[in-house]
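Report on the structure
Residue strings, one per chain:
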Amino acid sequence: MSETLVTQPSAVPGDGDGRVLEVSDLVVEFPAKGGGTVHAVSGVSFHLAEGETLGILGESGCGKSSAGRAIMQLPRPTSGSVQLNGVELVGHSGRSLRSKRARMQMIFQDPVSSLNPRRKVKDLVAEGARIWGRKVSEERVRELLLAVGLDPEAVWERRPHELSGGQCQRVCIARALMLDPQVLICDEPVSSLDVSVQAQILNLLEDTKQRYRLSMIFIAHDLAVVKNISDRIMVMYLGRVCEVIPADRLAEHALHPYTKLLLESVPEAHLPDAELDVEDVGVTNPELPSPLDPPSGCRFRTRCPLATEICASEAPPLRESVRGHLVACHHAEV
Amino acid sequence: MTSNQTLETVPDSGRPDRGQLLAVEDVRTTIHTARGDLKAVDGVSFTLDRGETIGIVGESGSGKSVLGRTIMGLHTTGPTTTISGRVMFDGRDVQSLGVKELRSLWGARIGMVFQDPMTALNPVKKIGTHLTETLRKHQGLGRQPARERAAELLDLVGIPDPRRRLDQYPHEMSGGMRQRVVIAMALANEPALLIADEPTTALDVTVQRQILDLLGTLQDELGMAIILISHNLGVVAGRADRVAVMYAGRIVETTDARSLFAGAHHPYSEALLRAIPRLQEPPHVRLAAIDGAPPNMITPPIGCRFAPRCAYAQDDCRQVLPELRPSSESGPRHLFACHHPVNRGDA
């Protein structure tokens, strides 16, 4: 792929000095029913550069949502550090935490259940700011509704059940924008929407990001969707990072066997006009190990065709291939 | 093993490989709501051979799910619904069947996998009960053989530790696992027709692929026909012999996946193809979203239902409802309903 296709100004996305968010050694563990511990996120470090969109890609149970929520301290991570503009969030609670993370907002997968069914759109949008004791003008609500592509007159008095899923997601985005965020964390924001609506919301997020100068974390399972919106993509498997890859390299230069498995599984690879040349990685074991007792060493080794002894004894560190492209695999050729 | 014998001695084991299994003839499903009559399905016709897969693609509200339920006989004419047209399944008119006959059809001859696995499962019944119920009713298995077979079925759909799972309740399983249970239930009696309504929408890509591969394998083994309903063109196109694109209660285009991707004639099909983000495109490519929303099906537009959102619409589109007609280019199996089709060399 030629470099000219990348619309981002910097050749290596996310490599700027302005880091909005710095996450180090994040660990999220939950007590499991009947004893044991769910290892949801096990030592994940990454950063988010100013104006960047970082995609977090993985399947259910890979820890992508847990990581996203841990950044918001919902709930607080077991250990690790989350710094927003250099201010540590971990260890704070109550009012102190709320004021420190106020410029970080989150939208979720199910827009309908994210909204209080008894409130009207005009109040839903203003809700967050009112909780902070700010006066919210009707003008401001109208402006935000227009910004997310809703007609204020048409939706003003409506309640969530009177809107479509796409319209509810737009309301959620307007709510998040009301608090003037710097970082927007989107957890599967389009996975419950129709294709044409999904395209509308993806375009809207892209526009919103430019217009309000946001940095974004975009968590999703759909490879093409993540690739479309991200500058860099972090691929997770069972609580660990497999690969951090510039988005324009995803389709052709993925190095980790798990990323390759994902690419090979996409329905798009089976389309009649697919120009994707995906290699068959030869993963035959479909079984995802339990996060209660993750495999030693590399967590993908139980399904990996390349696995050898070292994979069981040592967890592979992230190694850099080209600038900005990191892979955690003993056998990947960097 | 008793259970294995039953597997092989399912009724009509001498199935013909081909031949028509299903004929849907001008089906209209009108739902009577407080706001008026909602024309959920509004004149759909197609046929399906034994062992064939048709993919029905459409967005929410296109009528694809109601069509699936109408074919199955879950919607019948009554106080809330009026159905016209005919659904001939294996030589029988589904709409003429009584509840008792329908019950012997459902779960035995026609299996259905619904969109939401949680609502397809009874929250107060164990997983095992869901499976043994259908096995005991339709195959007359005893308690223990049914349980054995249930465990086999769970194993078949890739659920680890099936025996333990039999004693769990639906809420103890993940969404993906629940959907596998629903698929196991649908396949329990090796139906002649499987109606899969968004079967993999809640599942991960690698699991989705496993489930679709699994459906394909089972289809080859059992000669089962599949109606695969999905909003995801990618899911449908890779697996179906034919694809039907639905919009506002009607099929607007139907052909094999290859010619649909190579040259969709209906502007809606074309728009749908363009709205999908593609892996082979660079990041930040602007997607071609379809503006507007599908029409209100209580008072649908008089002419073409897509006309209000269509970039190519002209006066006749707003007056006359286009009927399906064959493509002059890609052959008689490629039908489209548009006055001003796109991607045609001769147009």
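Since the structure is predicted, the reported quantities are computational estimates derived from the model, not experimental observations. (Residues numbered from 1 in each chain as written. Chains lettered and ligands numbered in written order. Predicted model: local features only at pLDDT ≥ 70, side-chain atom pairs only at ≥ 80, totals over all residues.)

Moving on, we come to the overall build of chain B. Helix and strand counts for chain B stand at 13 helices and 12 strands. Here the C-alpha atoms of chain B give a radius of gyration of 21 Å, agreeing with the 20 Å that 2.2 N^0.38 yields for 347 residues. Counting only C-alpha atoms, chain B reaches 65 × 50 × 40 Å along its principal axes. Going through the 347 residues of chain B one by one, you find that 51% of them count as buried. By sequence separation, contacts in chain B at least 24 residues apart represent 63% of the contacts at least 6 residues apart. (Helix = DSSP H or I, 4+ residues; strand = E, 2+ residues; numbered from the N terminus. Rg over C-alpha atoms; globule rule 2.2 N^0.38 Å. Buried ≥ 20, exposed ≤ 12 C-beta atoms within 10 Å, placed from the backbone. Contact = placed C-beta atoms within 7 Å.)

The subject of this paragraph is the domain arrangement of chain B. Residues and elements named next belong to chain B. Parsing chain B into structural domains produces domain 1 (2–9 + 21–240) and domain 2 (246–336). With centres defined by C-alpha atoms, the gap from domain 1 to domain 2 works out at 27 Å. Domain 1 puts 22 residues into the contact, and the matching count from domain 2 is 16 residues. Elements represented by at least two residues in the side of domain 1 that touches domain 2 include exactly β2 (36–49), β3 (53–57) and α10 (233–239). Here the side of domain 1 that touches domain 2 takes 10 residues from β2, the largest share from any one element. Of the residues in the side of domain 1 that touches domain 2, the class split is 10 nonpolar, six polar and six charged. (Domains from an automatic or database assignment. Nonpolar A, V, L, I, M, F, W, Y, C, P; charged D, E, K, R; others polar.)

With that out of the way, let us pick up the confidence of the model for chain A. Reading predicted coordinates in detail is not appropriate for stretches of low pLDDT. On average, residues of chain A score 89 in pLDDT, and 90% of them are at 70 or above. Note that residues 1–12 of chain A has pLDDT below 50 and, in this model, 15 contacts with residues that lie over four places away or in other chains. (pLDDT = per-residue confidence, 0-100.)

Bringing the packing of helix α3 (residues 121–131) of chain A against helix α4 (residues 138–147) of chain A into the picture now. Residue and element names in this part refer to chain A. Interhelical geometry of α3 versus α4 gives an angle of 100° and a closest axis separation of 10 Å. In terms of orientation, α3 lies roughly perpendicular with respect to α4. Contact residues: Lys122, Val125 and Ala126 in α3; Val141, Leu144 and Leu145 in α4. For the contact of α3 with α4, the residue count by class is five nonpolar, no polar and one charged. (Axes fitted to C-alpha atoms, helices over the stretch in contact; angles between N-to-C directions. Parallel < 35°, antiparallel > 145°, perpendicular 65-115°, else oblique.)

Let us now look at the interface of chain B and chain A. The interface is formed by 37 residues belonging to chain B together with 39 residues belonging to chain A. Of all the secondary-structure elements, those providing two or more residues to the side of chain B that touches chain A are α9 (205–222), α10, α11 (257–263) and α12 (267–275) of chain B. Classifying every residue of the side of chain B that touches chain A gives 19 nonpolar, 12 polar and six charged.

Before going further, it helps to spend a moment on the sheet that holds strand β12 (residues 331–336) of chain B. Residue and element names in this part refer to chain B. Pairing in this open sheet of eight strands is mixed, and the strands run β6-β7-β8-β3-β9-β10-β12-β11 from one edge to the other. Both edges of this open sheet fall to β6 (110–113) and β11 (325–327), since each of them pairs with a single strand only. If you compare each strand with its neighbour and ignore which way they point, the axes differ by 25° on average. Inspection of the sheet shows β3 paired to strand β9 (residues 242–247) by four bridges, in the parallel sense. By the bridge assignment for β9, isoleucine 56 is matched with alanine 244. Each of β3, β6, β7 (193–197), β8 (225–230) and β9 is contacted by helix α2 (residues 64–72), which is oriented at about 155° to β7, the strand it contacts most. Packing of α12 onto the sheet brings it into contact with β9 and β10 (250–255), and relative to β9 it is tilted by some 100°. (Pairing = 2+ DSSP bridges.)

Attention now moves to the packing of α3 of chain A against helix α6 (residues 165–178) of chain A. All names here are of chain A. For the pair α3 and α6, interaxial distance at closest approach is 7 Å and the crossing angle is 30°. Seen along the crossing, α3 lies across α6 with a hand that is right-handed. Listed contacts from α6 to Val121, Leu124, Val125, Ala126, Glu127, Gly128 and Ala129 of α3 are Val171, Ala174, Arg175 and Met178. (Left-handed = near helix turned anticlockwise from the far one by under 90°.)

Attention now moves to the nonpolar core. Ranked by internal contacts, the top residues of the largest apolar core, which has 196 residues, are Val125 and Met234 of chain A together with Ala184, Leu193 and Val245 of chain B. Both domains that meet at this core, namely domain 1 (2–9 + 21–240) and domain 2 (246–336) of chain B, each give it at least three residues. Residues within four places of alanine 184 of chain B in sequence aside, it is in contact with Leu131, Leu153, Leu154, Leu156 and Val157 of chain B. (Core = buried A, V, L, I, M, F, W, Y, C linked by C-beta atoms within 7 Å.)

Here we take up the sheet that holds strand β1 (residues 19–31) of chain A. A sheet is described by the order of its strands in space; here four strands give the open sequence β2-β1-β4-β5 (chain A), paired in antiparallel fashion. The open sheet has two edge strands with one neighbour each: β2 (37–49) and β5 (87–88) of chain A.

All names here are of chain B. The element β8 is extensively covered by neighbouring structure, given that six of its six residues are classed as buried. Across the two faces of β8 the burial is the same, with Ala225, Ile227 and Ile229 and Ile226, Leu228 and Ser230 all buried. With five bridges joining them, β3 and β8 adopt parallel strand pairing. In the sheet register, glycine 55 faces β8, and the bridge partner there is leucine 228. Bridging between β7 and β8 involves five bridges; their strand directions are parallel. From the neighbouring strand, aspartate 197 faces β8, where its bridge partner is isoleucine 229. Taken together, β7, α9 and β8 constitute a β-α-β crossover, and its handedness is right-handed. (Right-handed = clockwise from strand over helix to strand, strands pointing away.)

Once that is clear, we can look at the pairing of strand β6 (residues 104–107) of chain A. All names here are of chain A. Burial along β6 is two-sided: the face carrying Met104 and Met106 and the face carrying Gln105 and Ile107 are both buried. Relative to strand β7 (residues 183–187), β6 runs parallel, the two being bridged by four bridges. Within β7, the position partnered with methionine 106 by the bridge is isoleucine 185.

Below, the discussion takes up unusual backbone geometry. All names here are of chain A. Put simply, leucine 74 and proline 75 share a cis peptide bond, and its omega is -5°. Along the chain, proline 75 falls in the loop between α1 (64–71) and β4 (79–84). Even without glycine at this site, asparagine 85 takes up a positive phi of about 50°. Considering the arrangement of structural elements, one finds asparagine 85 in the loop between β4 and β5.

What follows is about helix α7 (residues 195–211) of chain A. Here α7 of chain A is 17 residues long and its end C-alpha atoms lie 24 Å apart, about the 24 Å a rise of 1.5 Å per residue gives. For α7 of chain A, the set of buried residues is Val195, Ser196, Val197, Gln198, Ala199, Gln200, Ile201, Leu202, Leu205 and Thr208 of chain A. Of the surrounding secondary structure, the elements contacted by the buried residues of α7 of chain A are α6, β7 and α8 (223–229) of chain A together with α12 of chain B. Among the residues trailing α7 of chain A, arginine 213 of chain A stands out with phi positive, at a value near 50°. (Expected span 1.5 Å × (residues − 1).)

What follows is about the confidence of the model for chain B. Residue and element names in this part refer to chain B. In the predicted model, chain B carries a mean pLDDT of 88, and the fraction of residues at 70 or more is 94%. The low-confidence segment residues 1–16 (pLDDT under 50) makes 12 contacts with residues lying over four places distant or belonging to another chain. We note a pTM of 0.83 for the whole complex and an ipTM of 0.84 for its interfaces.

So, about the environment of serine 269 of chain B. All names here are of chain B. Note on placement: serine 269 falls in helix α12. With 212 residues separating them in the primary sequence, serine 269 and valine 57 have C-alpha atoms 9.5 Å apart. Sequence-distant contacts of serine 269, that is, excluding residues within four places in its chain, are made with Val245, Val252, Glu253, Leu260 and Ala264.

Before going further, it helps to spend a moment on the environment of glutamine 219 of chain B. Position of glutamine 219 of chain B relative to the elements: it lies in helix α9. Sequence spacing of glutamine 219 of chain B and arginine 50 of chain B is 169 residues, and the spatial spacing of their C-alpha atoms is 10.0 Å.

Turning next to α2 of chain B. All names here are of chain B. Most of α2 is tucked away: nine of the nine residues are buried. When we look at burial in α2, the residues that qualify are Lys64, Ser65, Val66, Leu67, Gly68, Arg69, Thr70, Ile71 and Met72. After α2 finishes, the residue glycine 73 shows a positive phi value of roughly 85°.

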